[in-house]
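# Topology and contacts: notes
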Amino acid sequence: MATTTAPGSAPALRLSALPPATGRAGLGGAIRSEFTKLRSVRSTYWTIGALFVVSVGIAAIAGFGIASNLHNNPWNKAGTDAAQASLIAFFELGQLIIAVLGALVITSEYSTGMIRTSLTAMPRRGVVYAAKLIVFGGVALVVSLVTSFISFFVGQAAMSGSGVSASLFHSVTIPRGVNMSPPPGGPNSNLPPVYHFIGTITISPGTVLTAIIGSALFVTAVALIAFGLGAIIRHTAGAITSVIGLMFVVPIIVQVALPDTWRWDIMRFFPDAAGRVLSVTTGQTAEHLWSAWPQFGVTLIYAAVLVGVGGYLFRKRDA
Amino acid sequence: MIEVRGLTKRYGEKVAVSNLSFGIEPGKVTGFLGPNGAGKTTTMRLILGLDYADAGTVTVDGKQYHDLAYPMREVGALLDAKAVHGGRSAYSHLLCLAQTNNLPTSRVGEVLDLVGLSDVARKRSKGFSLGMSQRLGIAATMLGDPQVLMFDEPVNGLDPEGILWIRNLMKALAAEGRTVFVSSHLMSEMEHTADHLIVIGRGKLIADCTMAEFIARSSGAAVRVLAVAAKGGTATVDSDGSLLVRGMAADMVGDIAFEQGIRLHELTLLRASLEEAYMEVTADSVEYHAEARTGAAPIGSGV
């Protein structure tokens, strides 16, 4: 491609004088730099776009599916967790999508060699790492909150009129259980079965808000787990594989391989458990897990340890 | 001003740099020569704090690199032109670097103009040719208007126009009183560019002297005498009938000819090329990989 300098001509070193330097390069500049980095590559937009489309899209599909099911089988209203149904794609699939971005924030610096340029410009590595963490953590939190709320609203809109849709503005009461009898007129009757509901569950706006925000915090914590693993492994595919292993493969192996008697006591120590507890609004949490916030604490401890070890290695190792 | 003192770096068993000491002075282009694997890039990485030294110190203007208040205002370094995120535009790449050192955003446009990349500022750099990438890397080094510049193999893979451009740039930077430190293994290129030389082989200093001194020390230096009988020195008859005298300065040859009443038609001082001088000096480092170079006094290492 053409350049504007004449062939071989001595370049004019006519640069304007810089303003006098005061203080020293620090966290403020590093944060601005990391934000520029994040918003100037396409992978950021691809991953955030995919997170949004998958989370909101599946929330809508699930909402219409539930509405249709309840229309045909109204007894299924009992215990239906409408809020969780709208959030499940976000926290189960969305966590992996944003984990890809979390890993890339670090590993793309190594795969491209940019890390050498970055650390030459700003050799105080603790500052660089902190700036990356703050910028990515902030973006992940905002994106997760926005996606979580929109998934919820779109999902509930899809099930409006079904009698179970949750609300942030008023309490919703749904049946707790159901007693079913075979349809009258014998086994081959076309009549619907006879059923009557037992008890009620009242879902308050506060409970719903906790599920929405809790899911977003969980996804953000998983994003930070990926960030930490990225800093430790410094290789994109390796970091993403590790996140999948930690969040999906290991829990499944534990579930399948360990005896019933104590596998649940192990499950609560894995970082994936919190998502299933935080998103529940009908009070029907898995018996052997802790309640929402202590279980989220487990995920946060994983994130803190991995981010901490990543930071230590980021400073200590040759770039 | 760069000061390297007793620098040592090992990668596992391999000693990349061994007790290396030298200083780089401002106002001239200092060439950094050595065979592949001699430790040139490692030394530059150690200067910039990208790798941590096992022993020894490096200071830039008396400070360790990571203690510089605004590193980009003091040192501009280009180690690898492809060490950029290819998905980022030239403009964004320079902007994110400028922001780390609180440099004004307007600076980005200025350095893009300086290197002639303004037309492609918004293009992603993965589409850049090597020459354009080198220009982008040089633009980054100039963002902070630093007094010290370091380039690792800047002309590798460039076309003649690009080579000439970088050569002139380095000379212009040195002429402004800046410290220019440039590594290469292209001797013909260094001969055109460098004023001073640091030569290393297998991680150790071989020579630290001026270009002229380095070449003069080569045994390739000789005096070419036409139609004269030699006295002293080593004389050989060349294919064209001229006499080649080694080990004796040109004025001595002239004096002898005068004393003997011999008419000289031509008395030419032959200088070795940098390439010849370099090959002679680094022969050991290249040839005997398993043998340590012991007791080889560095040439002119007066630092």
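Residues numbered from 1 in each chain as written. Chains lettered and ligands numbered in written order. Predicted model: local features only at pLDDT ≥ 70, side-chain atom pairs only at ≥ 80, totals over all residues.

## Focus on the nonpolar core
Within soluble globular proteins, side chains that are nonpolar generally end up buried alongside one another. Core analysis: the largest hydrophobic core is formed by 167 residues, its most contacted members being A:I225, B:L94 and B:A139. With 18 residues, helix α7 (residues 205-233) of chain A is the largest single contributor of residues to this core. Setting aside residues up to four positions removed in sequence, B:A139 forms contacts with B:L94, B:V111, B:L112, B:L114, B:V115 and B:L117. (Core = buried A, V, L, I, M, F, W, Y, C linked by C-beta atoms within 7 Å. Buried ≥ 20, exposed ≤ 12 C-beta atoms within 10 Å, placed from the backbone. Helix = DSSP H or I, 4+ residues; strand = E, 2+ residues; numbered from the N terminus. Contact = placed C-beta atoms within 7 Å.)

## Concerning the pairing of strand β8 (residues 196-201) of chain B
In summary, the side chains of a regular strand alternate between the two faces of the sheet. Residue and element names in this part refer to chain B. Burial analysis of β8 places six of its six residues in the buried class, which makes it a mostly covered element. Here β8 shows two buried faces, one formed by H196, I198 and I200 and the other by L197, V199 and G201. Judged from the four bridges that link them, strand β3 (residues 29-33) and β8 form a sheet pairing that is parallel. Within β8, the position partnered with G31 by the bridge is L197. Hairpin connection from β8 to strand β9 (residues 204-210): two residues lie between these consecutive antiparallel strands, with R202 at a positive phi of about 50 degrees. (Pairing = 2+ DSSP bridges.)

## As for the sheet that holds strand β1 (residues 2-11) of chain B
All names here are of chain B. The antiparallel open sheet is built from three strands, whose spatial order is β2-β1-β4. Unpaired on one side and paired on the other, β2 (14-24) and β4 (55-60) mark the two borders of the sheet. If you compare each strand with its neighbour and ignore which way they point, the axes differ by 20 degrees on average. Here β1 runs beside β4; their pairing, made up of five bridges, is antiparallel. Note on β4: the bridge partner recorded for T8 is A55. (Axes fitted to C-alpha atoms, helices over the stretch in contact; angles between N-to-C directions.)

## Overview of the sheet that holds strand β5 (residues 75-78) of chain B
All names here are of chain B. In space, the six strands of this open sheet follow the order β5-β6-β7-β3-β8-β9, with mixed pairing throughout. Sheet topology places β5 and β9 at the edges, where each strand pairs with a single neighbour. Averaged over all pairs of adjacent strands, the angle between their axes in this sheet comes to 15 degrees, without regard to strand direction. Here β5 pairs with strand β6 (residues 148-152) via four bridges, running parallel. Pairing of G76 across the sheet is with L149, part of β6. Packed on one face of the sheet, helix α5 (residues 130-142) meets β5 and β6 and runs near 165 degrees to β5. Sheet contacts for helix α6 (residues 160-175): β3, β6 and β7 (179-184); angle to β7, the most-contacted strand, approximately 150 degrees.

## Section: the confidence of the model for chain A
Looking at chain A as a whole, the pLDDT averages 91, with 95% of positions reaching at least 70. Throughout residues 1-8 of chain A the model reports pLDDT below 50, and contacts reaching past four residues in sequence, or to other chains, amount to 17 contacts. (pLDDT = per-residue confidence, 0-100.)

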